[in-house]
Amino acid sequence: MGNGASQTQLYIGIDGGGTKCRATIYCPKQGVLGTGLGGPANPLHGFERTLESIMVSTQQALQDAGLSLQTVHTLVAGLGLAGVNLPNLYEQIGQWQHPFKKMYLTTDLHTACIGAHEGEDGAVIITGTGSCGFACVDNHSVSYGGHGFAQGDKGSGAWCGLEGLKAVLLDLDGLGPHTELTALFKLHFNTSSAMGIAEQMAGQPSSSYAKLARMVLGAADKGDPIAKAIVKEGALYISMMARRLLEIKPPRLSMIGGLAEPLQKWLSDDIAELITEPKQPPELGAVYFAQHSFAQEIEQVK
C-alpha cells in the first residue's frame, strides 16, 4: 500500500476504544517495528484522557521499537478512534496540536474494516466496550450502531455488564428473579447490599461496566436463565446488525473486540457461519489508512 511513498517512511497506526488504545509502528521495508498499549481513548468519555492514552501507547511503541522519543516527529500517524463518528469530536481531535509529522483521522470502525480485510471490500462488527458495524463495497460504505453508552451499544461489553448489574440489583432488593450473577457480583464488589454495589458503580465510565460482561457471559454458558436472556438479546441485535451490513453484499464479514469470540456461538446460525477471522488487527488497518492517505497527499502536491 506504499503508493509511491518512501519505503523507509515510518508510520504509526493507533486504534483507540473505550477500554484501551493500541499503537503499532510500521516500516514498509521492515514491517512491524514496535507496539504499545495505553488506556481508554474514546473522546466521548474524556478528551484529555484520549490524548494521554494516544501518547502513552505511542511512547511505548517507540521504546519497543528501540527508537528515541524524538522520532515521534517523523511518524506519519493513522488514528482510528471510537467516538469520532460524532462530528464535533472529529473536529476536536482534528484540531489537536499533535506531535506527528502528519496525522490522518478516521473512526475505529473504518480502520478495523481496513485491517480485517487488508484494504479490500468487506464488513466488520466491533463488539468490545461498545458495539457498531461498518461495511464498504465499491467505495460505498454504511455504518450502524455506535450510538454510545448508555443510549445504544447493545450487545457490547458495557451494555452486557449494565444489564447484568440491573438484574442483580433487582434480585438483591427482592423485586426480580434470582440469578447466579448475584453471588458473582457480590464477590466482585465485596459487598452484599444493593446500595453498596450501586454506590461503587455510580458515575463509572462504560469501561467499568464492560469489565462485568465476562461474568454475564460465563453465567450464560453455565445456563443461568437471566444471564442467558441478556446474552441472547445482545446476540440477536448483533445478528440483526450483520444482516443490515450484508445488504450491500460485502465479500467478507469479520467480528473483532473483546466479546467477538465468546458472543459468536450465541449469534443466529446463518450469521455465525459467515464470520471469518480478521486478516490484520485494527492498528494495522490504521497504518494502511495512514499510508494510503499520505500517498494521496503526495500525489496531489505533484
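Residues numbered from 1 in each chain as written. Predicted model: local features only at pLDDT ≥ 70, side-chain atom pairs only at ≥ 80, totals over all residues. Heavy atoms only, no water.

### With respect to the overall build of the protein chain
Threshold: Numbering of helices and strands starts at the N terminus; helices are DSSP runs of H or I of at least 4 residues and strands are runs of E of at least 2. Both definitions apply: the radius of gyration is a C-alpha atom measure, and the globule rule equals 2.2 Å times residues to the power 0.38. Buried, partly exposed and exposed residues are distinguished by accessible area as a fraction of the type maximum, computed with a 1.4 Å probe on protein chains only: under 20%, between the cut-offs, and over 50%, respectively.
Regarding its fold elements, the protein chain presents 12 helices and 9 strands. Relative to the compact-globule value of 19 Å for 302 residues, the protein chain shows a C-alpha radius of gyration of 20 Å, a close match. For the protein chain, the spread of C-alpha atoms along the three principal axes comes to 70 × 40 × 35 Å. Relative to its full complement of 302 residues, the protein chain shows a buried share of 53%.

### What about the side chain of Ser 156?
Selection criterion: Only heavy atoms enter the contact rule, under which two residues are in contact if any of them lie within 4.5 Å.
Within the secondary structure, Ser 156 is located in the loop between strand S8 (140-145) and helix H4 (157-172). Apart from the residues within four sequence positions on either side, Ser 156 is in contact with Gly 128, Thr 129, Gly 130, Ser 131 and Leu 259.

### Topic: the pairing of strand S5 (residues 102-107)
Inclusion rule: For two strands to be treated as a pair, DSSP must find no fewer than two bridges joining them. Place the viewer so that the strands point away; then a crossover is right-handed whenever the path from the first strand over the helix to the second strand goes clockwise.
Counted residue by residue, S5 has 5 buried out of 6 residues, so it is predominantly covered. For strand S4 (residues 76-81) and S5, the ladder comprises 6 bridges, and the chain directions are parallel. The partner of Ala 77 across the bridge, within S5, is Met 103. Between S4 and its parallel partner S5, the chain crosses via helix H2 (residues 87-94), and the hand of that crossover is right-handed.

### A word on the packing of aromatic side chains
Note the following rule: Put simply, two rings from Phe, Tyr or Trp (the six-membered ring, in Trp's case) pair if the centres are within 6.5 Å, and we call them stacked under 30 degrees between planes, edge-to-face over 60, tilted for the rest.
With the rule as written, the count across this model stands at 4 aromatic pairs. Seen from their ring centres, Trp 96 and Phe 100 are 6.2 Å apart, and the 85° between their planes marks the pair as edge-to-face. Just as Trp 96 is buried, Phe 100 falls in that class too. Seen from their ring centres, Phe 149 and Tyr 209 are 5.1 Å apart, and the 45° between their planes marks the pair as tilted. Within this pair, whereas Phe 149 is found in the loop between S8 and H4, its partner Tyr 209 is found in helix H7 (residues 206-210), the two being separated by 60 residues in sequence. Assessed through its relative accessible area of 17%, Phe 149 is described here as buried.

### As for the pattern of salt bridges
Selection rule: When a carboxyl oxygen of Asp or Glu is within 4 Å of a side-chain nitrogen of Lys or Arg, the pair counts as a salt bridge.
For the coordinates displayed, the defined rule picks out 6 salt bridges. Taking the shortest distance from any N to any O, the salt bridge between Glu 297 and Lys 102 comes out at 2.5 Å. One end of the pair, Glu 297, is in helix H12 (residues 282-301); the other, Lys 102, is in strand S5, and 195 residues separate them in sequence. Accessibility expressed as a relative area gives 26% for Glu 297, which makes it partly exposed. Note that Arg 244 and Glu 247 form a salt bridge whose closest N and O atoms lie 2.8 Å from each other.

### Overview of the nonpolar core
Rule in force here: By convention a nonpolar core is built from buried Ala, Val, Leu, Ile, Met, Phe, Trp, Tyr and Cys residues, the set being connected through side-chain atoms within 4.5 Å.
Core analysis: the largest hydrophobic core is formed by 43 residues, its most contacted members being Ile 125, Leu 165, Phe 185, Val 216, Val 231 and Met 255. It is helix H9 (residues 225-246) that contributes the most residues to this core, 8 residues altogether. One finds Ile 12, Ile 54, Ala 77 and Phe 100 within the second-largest nonpolar core, a separate group that totals 24 residues.

### Here we look at the sheet that holds strand S1 (residues 11-16)
Strand-to-strand pairing in sheets goes through backbone hydrogen bonds, with the strands running parallel or antiparallel. Definition in use: Inter-axis angles, ranging from 0 to 180 degrees, are taken between N-to-C directions of lines fitted to C-alpha atoms, where helices are fitted over the stretch in contact.
Judged by pairing direction, the sheet is mixed, and its 5 strands sit side by side in the order S3-S2-S1-S4-S5 without closing on themselves. The sheet terminates laterally at strand S3 (31-38) and S5, the two strands that pair on one side only. Direction aside, the axes of adjacent strands within the sheet are offset by 15° on average. Here 6 bridges tie S1 to S4, and the two strands are oriented parallel to one another. For Ile 12, the partnering residue across the bridge sits in S4 and is Ala 77.

### Digging into the sheet that holds strand S7 (residues 131-137)
Pairing in this open sheet of 4 strands is mixed, and the strands run S8-S7-S6-S9 from one edge to the other. Lying at the two open borders of the sheet, with one neighbouring strand each, are S8 and strand S9 (253-256). In this sheet, neighbouring strand axes are inclined to one another by 15° on average, regardless of whether the strands run parallel or antiparallel. In terms of strand pairing, strand S6 (residues 122-127) meets S9 through 4 bridges, oriented parallel. The residue of S9 that forms the bridge with Ala 123 is Leu 253.

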